[in-house]
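Architecture and fold: a report
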Amino acid sequence: MENQTPNAIGTGQTGNRRESDSMGVIDVPAEHYWGAQTQRSLVHFSIGEDRMPKEVYHAYGYVKKAAALVNQEDGRLSDELAETIIKVADEVIEKKLDTEFPLYVWQTGSGTQSNMNVNEVISNRAIQLLGGELGSKKPVHPNDHVNMGQSSNDSFPTAMHIAAVTAIDSQLIPSLENLVDAMNTKVDQWKDVVKIGRTHLQDAVPLTVGQEWSGYAYQLSDAIQRVKDSRQKLYEIAEGGTAVGTGLNAPEGFAENFADKIAFLTGKPFVSSPNKFAAQGSLDAMVAAMASLRGVAVALMKIANDMRWLASGPRCGIGELILPPNEPGSSIMPGKVNPTQCEAIVMICIQVIGEDTAVAFAGSQGNFELNAMRPIVINNFLHAASILADGAEKFRTYSVEGTELNLEKINEFLNRSLMLVTALSPVIGYDKASSIAHEAMNKNLTLREAALSSGYIDGEKFDEIVDPKKMV
């Protein structure tokens, strides 16, 4: 086996070479490893600028490696061919062949063309390593050897699940958990700072700033747990079902042995789906996982909106929070600073909720033994996971960690609030307490002034009962 390493221009050749498939011959760029089916897809589906995420191909590297290992162990692939396929699959996993995967998201709904893109690239790269002629399909055939025991209909959803779990574990959860840690730091810092609460956008009874932020941290932690829980069904993979779920052309035991190999290679508890018909005819596991990302978006949007409202002003709004001034906020108003990280998070969340709607719709479009809406689903999922992870990291770094309190404003609002009257209800009754609040509002009095003028309570008792620190 020749010890060659792919370079930036692939094969090192120039011009075109002739490749063939069942439709005939077609010219492909000689500097690349892909073949006829990839080239046809580039012609027929050059739609927009949305390319199949590279993470799908990295996951496919595991699929092809695991299949080669199983086929080698069972004697269906010679050691030489299996080891060469495995070597190239490792190059795919290690992102060394990323330039060889150019296909668009908007292609066949089963992902067949992306599967064949991987098969062709691994085939030609393996042929190169073995000293053969690119495009000859000898000694490594893209279908007969690289795709042995597989179909696009079971391998693409398998790659989807591997890519989704990888994105959740390596990107999303760490970023979100770091954000929760930053919020919990604020909970501890501000646990004794009493502020006025708000319900219906109106003044309410007091709570501490720490209590308010504990709600943010818990809400996001709860959303993270739902993302983690969604992995359970993603661990079930379709490989071994082949074309329609029956396992035709996959030897006995292939599905289980393949799943064991994937679990070992990835370090994740992947198992063979107990029902390949459901695994291939539906997208339910991906729909549920995407819904968990929507849950994260919903939580983050609430938190980011609260922060930007609480920081509004700073002099003519609520102004209880002081957000870090990261950049100028206006091209015309000197000195203006805006809550840009909060705004970015809100836009990300809107995008994710929209992508979730598309995934749910796609999940409803399964027909008989195949749901052929797979590319849009994995594209949306990986995009959503990526922007949530990156957004949460920037939000933590450039907003949450540097947020401070405007204690003067917090105390001003606390002392002006009429809803402290709630503490009087158990003593003088709801109706009398309500009349005091209305009197204070109508005559622009302090709550204490209105209470004393009512005759319902004296000053000493009022001061004893209406203590914000006792109300939290």
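Figured I'd write up the structure that's included with this text. Not measured: the values here are computed from a predicted model.

**Considerations on helix H8 (residues 254-266)**
The terminal C-alpha atoms of H8, which comprises 13 residues, lie 18 Å apart, in line with the 18 Å expected from a rise of 1.5 Å per residue. Among the residues making up H8, those that are buried are Phe254, Ala255, Phe258, Ala259, Lys261, Ile262 and Ala263. Contacts from the buried residues of H8 go to helix H2 (54-73), helix H6 (152-189), strand S5 (236-237), strand S6 (271-272) and helix H9 (276-281).

**Topic: the side chain of asparagine 147**
Of note, asparagine 147 is situated in the loop between helix H5 (142-146) and H6. Of the residues examined, asparagine 147 reaches a relative accessible area of 10% and is grouped as buried. In this structure the side chain of asparagine 147 is engaged in a polar contact, spanning 3.2 Å, whose partner is the side chain of lysine 64. Excluding residues within four positions of it along the chain, asparagine 147 makes contact with Lys64, Asn115, Asn119 and Pro142.

**Observations concerning the packing of aromatic side chains**
The description of two aromatic rings rests on the distance between their centres and on the angle between their planes. Summed over the entire model, instances satisfying the criterion amount to six aromatic pairs. Residues tyrosine 235 and phenylalanine 270 carry aromatic rings whose centres are separated by 5.6 Å and whose planes lie at 90° to one another, so their mutual orientation is edge-to-face. With tyrosine 235 in the loop between helix H7 (209-234) and S5 and phenylalanine 270 in the loop between H8 and S6, the pair connects residues that are 35 residues apart, well separated along the chain. We note that tyrosine 235, like phenylalanine 270, is buried. Note on phenylalanine 254 and phenylalanine 258: the rings are 6.0 Å apart at their centroids and 25° apart in plane angle, and the pair reads as stacked. Of the two residues, phenylalanine 254 and phenylalanine 258 both sit in helix H8, four residues apart, roughly one turn of that helix. One exposure class covers both phenylalanine 254 and phenylalanine 258, and it is buried. Members of the aromatic cluster, connected to one another through ring pairs, are Trp190, Trp213 and Tyr216.

**So, the pattern of salt bridges**
Counted according to the given criterion, the structure contains 23 salt bridges. Linking glutamate 94 and lysine 96 is a salt bridge whose minimum nitrogen-to-oxygen distance equals 3.2 Å. With relative accessibility at 45%, the residue glutamate 94 sits in the partly exposed group. The closest approach of N and O atoms between lysine 195 and glutamate 212, which form a salt bridge, is 2.9 Å. With lysine 195 in strand S3 (residues 194-199) and glutamate 212 in helix H7, this residue pair connects regions lying 17 residues apart in the sequence.

**Section: unusual backbone geometry**
Generally, phi is negative for residues other than glycine and the peptide bonds are trans, each holding for most cases. Here the bond from lysine 138 into proline 139 is cis, since omega is 5°, no more than 30 degrees from zero. Here proline 139 shows up in the loop between helix H4 (112-129) and H5. For histidine 200, which is not glycine, the phi dihedral falls at a positive 60°. Even without being glycine, asparagine 249 reaches a positive phi, approximately 75°.

**Examining the state of the cysteines**
All told, the structure shown has zero disulfides when counted by the stated rule. The thiol of cysteine 342 is unpaired, and the distance to the nearest cysteine sulfur, on cysteine 349, comes to 11 Å. When its relative accessible area of 0% is taken as the criterion, cysteine 349 is described as buried.

About the criteria used
- Residues numbered from 1 in each chain as written.
- Predicted model: local features only at pLDDT ≥ 70, side-chain atom pairs only at ≥ 80, totals over all residues.
- Heavy atoms only, no water.
- Helix = DSSP H or I, 4+ residues; strand = E, 2+ residues; numbered from the N terminus.
- Expected span 1.5 Å × (residues − 1).
- Buried < 20%, exposed > 50% of the residue type's maximum accessible area, 1.4 Å probe, protein only.
- Contact = heavy atoms within 4.5 Å.
- Polar contact = N/O pair within 3.5 Å; in protein donor to acceptor, adjacent residues only side chain to side chain.
- Phe/Tyr/Trp six-rings, centres within 6.5 Å; stacked < 30°, edge-to-face > 60°.
- Salt bridge = Lys/Arg side-chain N within 4 Å of Asp/Glu carboxyl O.
- Disulfide = S-S within 2.5 Å.

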